[in-house]
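For reference, the chains in residue letters:
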Amino acid sequence: MESKTPRDRSINPKLKNLRRNINFDIDQLFEGIRKGDIVHLSKAITLIESTHPKHTEIARKLIDRCLPFSGDSIRIGITGTPGVGKSTFIESYGSFLIENGTKIAVLTIDPTSQISKGSILGDKTRMEKLSASEMAFIRPSPAGDSLGGVARKTRETIILCEAAGFKRILIETVGVGQSETAVHSMVDLFLLLLLPGGGDELQGIKRGIMEMADIVLVNKTDDDRVNLAKETRRDYKNAMHLLPAKENGWPVKVLNTSGLHGIGIKELEEEVQGFEALTKSNQSFNLKRQNQSSYWLEESLNQQLLDTFKNKDGIKELLETLKTQVTDHKISPFHAAELLIKEFLKQ
């Protein structure tokens, strides 16, 4: 079996000992990131994923140093129904971007993954062409974390990747539920991949996810599904007229694509560039990023306040006691919360 190379670390989540034993030199990391060194970038992301208090402080300083060198990219969220072919699509689209001289980073959000199992690693290692390219960086999300924690660390990872010179950041949702909303809150443009045969699927797609999409891709437009895929595209184009217009003035586009055969990839990139040109010209691009920064400030504040609250002496014990009383219908949840706040403010 071949030994792992430094590049393999960017797609391997099973490195418990690496995270435990790594020594972090902030100057060295920063210089390596600015030079676009993959090993230093991987090490820096491992740092921000760490929950050790000492590492948290170093990570904060590193992110602050990288922040002035971030922002010069297009951040693209990618989601889709199970079996839609996201990995094959990302491989195809990413390869197209690289062939045209664009450095790309592929990040994932999956709060459900485990440290030793799950689909993340398999999905990434199937991107053989991207994994072999020096112009690509592939990174799974932190395993076994809450959605909020994963999303926060992914947003910080974006900053590091941009400081390292990556011009396209592709953020893939792998988990289900609120992960689409989390990704939407940190990207400039949102892609929704769907399968041909949209009649039944159209009914199953959440309206909220449809409203988030800037470009809808009917993927797997290949082999004997070409005609069906074209019909599905027409169905979705008609459905888009029922949704409210976007504030940024962008009319949602629906395209046929095939990650397997590269169909529609060039057309997609033309639309992405059109989206960038329009939203930057009418200032909605920067406004959206400003709103996202404000949103993450409030999210971070809420999370840190909650952590501070729960870690106060006596709060954990009282919380467990009150939980029992609430579930036994001896006290209302609202009264229990009031008692917890009063106990917190007494300290």
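Calculation notes
- Residues numbered from 1 in each chain as written.
- Predicted model: local features only at pLDDT ≥ 70, side-chain atom pairs only at ≥ 80, totals over all residues.
- Heavy atoms only, no water.
- Salt bridge = Lys/Arg side-chain N within 4 Å of Asp/Glu carboxyl O.
- Helix = DSSP H or I, 4+ residues; strand = E, 2+ residues; numbered from the N terminus.
- Buried < 20%, exposed > 50% of the residue type's maximum accessible area, 1.4 Å probe, protein only.
- Core = buried A, V, L, I, M, F, W, Y, C linked by side-chain atoms within 4.5 Å.
- Contact = heavy atoms within 4.5 Å.
- Expected span 1.5 Å × (residues − 1).
- Arc of directions from axis to C-beta.
- Pairing = 2+ DSSP bridges.
- Right-handed = clockwise from strand over helix to strand, strands pointing away.
- pLDDT = per-residue confidence, 0-100.
- Axes fitted to C-alpha atoms, helices over the stretch in contact; angles between N-to-C directions.
- Phe/Tyr/Trp six-rings, centres within 6.5 Å; stacked < 30°, edge-to-face > 60°.
- Lys NZ or Arg CZ within 6 Å of the ring centre and 35° of its normal.

Q: Talk me through the pattern of salt bridges; I want residue IDs and the actual numbers.
A: Close approach of charged atoms allows side chains of opposite charge to pair. By the definition in use, this model includes 16 salt bridges. Note that Glu338 and Lys342 form a salt bridge whose closest N and O atoms lie 3.3 Å from each other. Remark: Lys342 and Glu338 occur in helix 16 (residues 333-346); sequence separation between them is four residues, near one turn of the helix. The partly exposed category is assigned to Glu338, whose relative accessible area is 42%. Lys342 sits in the partly exposed class, given a relative accessible area of 48%. Its salt-bridge partner being Glu343, residue Lys346 comes within 3.3 Å of it at the nearest N-O pair. Here Glu343 and Lys346 lie together in helix 16, a separation of three residues that amounts to about one turn. You can call Lys346 exposed: its relative accessible area is 66%. A residue is classified by how much of its surface remains accessible, and Glu343, at 24% relative accessible area, is partly exposed.

Q: Please give an account of the nonpolar core that cites residues and values.
A: Of all hydrophobic cores here, the largest spans 49 residues; its most connected members are Leu62, Leu160 and Phe166. Of the residues forming this core, the biggest block, seven residues, is contributed by helix 8 (residues 147-163). Other than its neighbours up to four places away in sequence, Leu160 contacts Ile33, Leu41, Ala44, Ile45, Ile48, Leu62 and Cys66. Counting residues in each nonpolar core, the second largest holds 28 residues, with Ile138, Leu191, Trp250 and Ile265 among its members.

Q: Talk me through helix 13 (residues 265-281); I want residue IDs and the actual numbers.
A: Here helix 13 contains 17 residues, and its C-alpha end-to-end distance of 24 Å stays within 8% of the 24 Å for a straight helix at 1.5 Å per residue. When helix 13 is considered as a whole, its buried residues turn out to be Ile265, Leu268, Glu269, Glu271, Val272, Phe275 and Thr279. Projected onto a plane normal to the axis of helix 13, the buried residues spread over an arc of 160 degrees and lie on a single side. Of the residues flanking the end of helix 13, it is Gln283, one or two places downstream, whose phi is positive at about 70 degrees.

Q: Outline the pairing of strand 6 (residues 215-218), supporting the account with residue identities and numerical values.
A: Going residue by residue along strand 6, you find Ile215 and Leu217 tucked away on one face and Val216 and Val218 tucked away on the opposite face as well. Looking at chain direction, strand 5 (residues 189-194) and strand 6 are connected through four bridges and run parallel. Across the sheet, the residue bridging to Leu194 is Val218, located in strand 6. As paired strands, strand 6 and strand 7 (residues 253-256) are joined by four bridges and run parallel to one another. Each bridged residue has a counterpart across the sheet, and for Val218 the counterpart in strand 7 is Asn256. Assessed by its sense of winding, the connection that carries the chain from strand 6 through helix 12 (residues 226-240) to strand 7 is right-handed.

Q: Before we move on, could you go through the confidence of the model for the protein chain and cite the residues and values that matter?
A: Of the residues in the protein chain, 83% have a pLDDT of 70 or more, and the chain-wide mean is 85. Within the protein chain, the lowest mean pLDDT, 46, falls on helix 1 (residues 16-21), and the highest, 97, falls on helix 13. Every residue in residues 1-20 scores below 50 in pLDDT, and together they form 34 contacts with partners more than four places removed in sequence or on other chains. Low pLDDT, under 50, characterises residues 114-122; the stretch is placed with 16 contacts to residues that sit more than four places away or in other chains.

Q: Can you explain the sheet that holds strand 6? Please cite residues and give values.
A: Strand order in this open sheet of seven strands is 3-2-4-1-5-6-7, and the pairing throughout is parallel. Across the chains shown, the open sheet's two edge strands, defined by having one partner strand only, are strand 3 (136-139) and strand 7. When the angles between neighbouring strand axes are averaged without regard to direction, this sheet yields 20 degrees. In the sheet, strand 2 (residues 104-109) pairs with strand 3 via four bridges, with the strands oriented parallel. Bridged to Val106 within strand 3 is Ile138. Sheet strands touched by helix 12: strand 5, strand 6 and strand 7. Its angle to strand 7, the strand with the most contacts, is close to 175 degrees.

Q: Outline the packing of aromatic side chains, listing residues and values.
A: Using the criterion set out here, one finds six aromatic pairs in the structure. Ring centres of Phe89 and Tyr93 lie 5.8 Å apart, and the angle between their planes is 20 degrees; on these two criteria the pair is classed as stacked. Of this pair, Phe89 and Tyr93 both sit in helix 5 (residues 86-99), separated by four residues, roughly a single helical turn. For Phe89, a relative accessible area of 0% gives the class buried. A relative accessible area of 0% means that Tyr93 is categorised as buried. Ring geometry for Phe309 versus Phe344: centroids 5.2 Å apart, planes at 50 degrees, classification tilted. Taken as a pair, Phe309 in helix 14 (residues 284-310) and Phe344 in helix 16 lie far apart in primary sequence, 35 residues in all. Between the NZ or CZ atom of Arg65 and the centre of the ring of Phe30, over which it lies, the distance is 4.4 Å.

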